[in-house]
Structures are given as C-alpha cells and as structure tokens.
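Below, each chain spelled out in residue letters.
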Amino acid sequence: MLPVTPEVSVILPVRDGERWLREAVASVLTQTLTGLELLVIDDGSADTTPAILEQLRADDPRLIVLRQQREGLVAALNRGLAHAQAPLIARLDADDIALPERLARQRDYLAAHPEVVLLGGWAEIIDQHGASRGRQMRPSPDGLRDTLAKKSPFIHPTVMFRTDAARRIGGYRAAFEAGEDYDFWLRLADIGEIAILPELLIRYREHGGSVTRTRELRQIYSARLAKLASAERRAGRPDPSAALTAPPDWLDPNPGAFERDSSRLFRMLELADPARARSTPASAVDLGAITSQLSTLTAGERKFAQAAALNLLRERSDLPAAMRARLVGLLLRLGPLKAAKLMMRK
C-alpha cells in the first residue's frame, strides 16, 4: 500500500524503450527504500513499451504511467515534475539500472545536508548486454561550482534534487534543447548548494545509439548559452535567456542580442559537416567568428572548429589564397597536431 506521501519520486522518461525498460523499472521498485513512486512518462512510444508498462503497473501500484504524444524530453521531465508527490525527485533513464541502495543513500545525504538542493553520484559503465565495460564515471565531489561554471559535473540519471527547488526555478527549459540538464543544474546552483555523493549509484548503459553530429552541436550550443546566462545571473543582472521559449536557430539572420555572437560562431562550427562546407558561399565564411572567441572555446567547440577549417581547406579549392592561409593559421592556433596532419595529407 502506498504511503500518504512517498519519500522519493523517480522520474523516468521513455520512448520506444522496450529492450531495457523492464530492467530499469525493476531496479527502482526493488530499492531498499520502499516509500517511493515511479513516474514513467511515455513519450509516444510506438513499440511494446505501453503494453509492458500496463503489465508492470498491474503488479505494483507505486508505478504511475503518464503519456504524451512525442512532445520530447523536456516536456516529459516537466510532466513528471508537475505530478511528483515526494519532496525529493530522482532521475533514471529507461536503459540504466539503479543500484539497490541508490535512493536510500541519496535521501539520507540530503536529510543530513538540508542546504544541498542537487546531489549527483557515480556510475558504472555497462554494455548493451549489461556486462561491465571496466570503466566508471567518477566526477570529483570537490570544486563543483568552479567545474559547473565550465561544464556539467553531473551524470543526469544519477541526480536527486529537491522538488520545491526544482519548481521554484521553473523546471527544465525547452530553449536549451540537448543541454536542458546543464541549464537546470546551473539554475539550481543559484538557489542552493550542490554536491556529489562519491559512491556508485547506477549502472549506465552505453550502446549502439550514437549521438548525431547535429545533436552534439546543438548540445554544445545550448551549453554555451546556459553558461552565458548563468554568468549574467551571478553578476546580479537579469537572465538574458528568460524570454527564450524555443531553441534558438543559429542560422536565423536576425538573432536576438543574447545569442547573436554564439549564433555567429556556430554558423561556422556547422561547417564541420563536409556538405555544409561545400555549399556555403565563400562570402559567408566568417573566420572572425572563431578567432574573436578563440579564448572562450570549449574542447567540444574546438573539435568542431578544427573539423570546419579542415573541411574548408579540403573541399573548397575556390577559396582565395589569403583565406586559405588564414585557415592554416587558425588550425595552428587550434592545435598544431591537427595542422600537421593536414600538411602531411597535402
């Protein structure tokens, strides 16, 4: 029988997750902490996911199924957040496995540290068959705020956060597509302390579904905007991203003031796609978009910038000699090894 108020609400979004869903659900419902509810948000699955959920729900009333019509991850997460009854929320993905004491260990930590609003943990990497890959993700629990200002130190399916804090900041934001979690962590850190429990909490599955180049670039773009917005808030100024209701298009010829410089940069980083590098007019090749922001580029942005420069040199014999020389110079500034590889191929 369900308690009047569960101690923890677990939010698990899924779309076409039939392969590993039973295992993920079982790992939650067999936790040592029994006072929980599991909110599974089915984002318009077209496989046997709905039937699996119906069967599992009949076996355990702590499983609550919420359905939506392919509205996406942010909508699913916010739907779970809106329905959560517990004061604490934990995340899990439909292809991961929570270790048996995961929820109890995090609940106990948060009870002992009321100032902490967001708590992460460590994860063991497994393959598609559930076998260990001999690696673990162990983000350092030290210097979290400094790390968070540069990149996310949290593994999304390991986190537990306070429900009232998440609702106070407005939940996840659709404008930060593919980087919605990083923006969420930054805003939670605005109102409370953050921490990582240095223990293995989940088994994190890596499998064949690879991240596309376009999605990876969108993730990096969203992360850049999230960092810029966070810096403004920390300086005591209004959040410049507050008016964004959808992911900005970096190809928009009239971007807003907040995303203008980032969009200019990412129009160039998009040339990491050889087809885009071939089709972009020479007049639109804006090397200054990269060189003017060189000192702020993240590792991911540098990788895309290198690929874009290499593609332009390889694919575009029509570029003026002066521009080609600037491209070689840019490669040298981005990384001499990449430049050396280019020269060897000539």
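Predicted model, so just to flag it, every value in this text is computed and none were measured. (Residues numbered from 1 in each chain as written. Predicted model: local features only at pLDDT ≥ 70, side-chain atom pairs only at ≥ 80, totals over all residues. Heavy atoms only, no water.)

Structural notes on the nonpolar core
- If you look at the biggest cluster of nonpolar residues, it comprises 67 residues, and the most contacted ones within it are L118, F154, F161, W185, L188 and I290.
- Look past the residues within four positions of F154 in its chain and what remains in contact with it is L118, L119, G120, L144, L148, V159, W185, I194, A195 and I196.
- Of all hydrophobic cores here, the second largest spans 35 residues; its members include V28, L92, L103 and I202. (Core = buried A, V, L, I, M, F, W, Y, C linked by side-chain atoms within 4.5 Å. Buried < 20%, exposed > 50% of the residue type's maximum accessible area, 1.4 Å probe, protein only. Contact = heavy atoms within 4.5 Å.)

Considerations on empty space enclosed by the protein
- One pass over the structure, following the stated rule, counts one cavity of 30 Å³ or more.
- Here the largest cavity is characterised by a volume of approximately 30 Å³.
- Elements with a minimum of two residues in the lining of the largest cavity: β4 (88-91) and α4 (102-112).
- The residue makeup of the lining of the largest cavity, split by class, is six nonpolar, one polar and two charged. (1 Å grid on protein atoms, 1.4 Å probe; cavity = no way out; pocket = protein on both sides within 12 Å on 5 of 7 lines; lining within 4 Å. Points joined across faces, edges and corners; volume = space filled by probe spheres on them. Helix = DSSP H or I, 4+ residues; strand = E, 2+ residues; numbered from the N terminus. Nonpolar A, V, L, I, M, F, W, Y, C, P; charged D, E, K, R; others polar.)

Thoughts on the packing of aromatic side chains
- Scanning the model with the defined rule gives seven aromatic pairs in all.
- Centroid distance Y221 to F266: 4.9 Å. Interplanar angle 65°. Geometry classified as edge-to-face. Of this pair, Y221 sits in helix α8 (residues 213-234) while F266 sits in helix α9 (residues 260-269), and the two are 45 residues apart along the sequence.
- Take Y221: its relative accessible area is 0%, and that puts it in the buried class.
- With 5.8 Å between their ring centres and 40° between their planes, W250 and F266 make a pair best called tilted. (Phe/Tyr/Trp six-rings, centres within 6.5 Å; stacked < 30°, edge-to-face > 60°.)

Focus: helix α2 (residues 49-59)
- If you check which residues of α2 are buried, you get T49, I52, L53 and L56. Here the buried residues of α2 occupy an arc of 95° about the axis, which is enough to place them on one side. The outward face of α2, more than 90 degrees from its buried face, is lined by the exposed residues A51 and A58.
- On the buried face of α2, the contacting elements are β1 (8-14), α1 (21-29), β2 (36-43) and β3 (63-68). (Arc of directions from axis to C-beta.)

Some words on the side chain of Q31
- Along the polypeptide, Q31 turns up in the loop between α1 and β2.
- Polar contacts involving the side chain of Q31 include one to the main-chain carbonyl oxygen of L99, which spans 2.8 Å.
- A polar contact of 3.4 Å, which involves the side chain of Q31, links it to the backbone nitrogen of R102.
- Setting aside anything within four residues of it in sequence, one finds Q31 in contact with L36, A98, L99, P100, E101, R102 and L103. (Polar contact = N/O pair within 3.5 Å; in protein donor to acceptor, adjacent residues only side chain to side chain.)

Some points on the packing of α1 against α2
- The interhelical angle for the contact between α1 and α2, taken along N-to-C directions, is 30°, at an axis separation of 11 Å. Our classification of the angle between α1 and α2 gives roughly parallel. Between α1 and α2 lies a crossing of right-handed hand. Between α1, through L21, R22 and V25, and α2, the contact on the second element is made entirely by T49, I52, L53, Q55 and L56.
- Tallied by class, residues from the contact of α1 with α2 come to five nonpolar, two polar and one charged. (Axes fitted to C-alpha atoms, helices over the stretch in contact; angles between N-to-C directions. Parallel < 35°, antiparallel > 145°, perpendicular 65-115°, else oblique. Left-handed = near helix turned anticlockwise from the far one by under 90°.)

Observations concerning the pairing of β2
- The buried fraction of β2 amounts to eight of the eight residues, a majority that puts the element mostly inside the structure.
- Alternating positions in β2 separate into two faces, L36, L38, V40 and D42 on one and E37, L39, I41 and D43 on the other, with burial throughout.
- The pairing of β1 with β2 spans seven bridges and is classified as parallel. Pairing of V10 across the sheet is with L38, part of β2.
- Of the crossover connections in this fold, the one passing from β2 over α2 to the parallel β3 is right-handed. (Pairing = 2+ DSSP bridges. Right-handed = clockwise from strand over helix to strand, strands pointing away.)

Notes on α8
- With 22 residues, α8 should cover 32 Å at 1.5 Å per step; its first-to-last C-alpha distance of 32 Å lies within 8% of that length.
- Along α8, the positions that sit buried rather than exposed are L217, R218, I220, Y221, S222, A223, R224, L225, A226, A229, S230 and R233.
- Buried residues belonging to α8 abut α7 (180-191), α9 and α12 (299-315).
- Among the residues trailing α8, G236 stands out with phi positive, at a value near 85°. (Expected span 1.5 Å × (residues − 1).)

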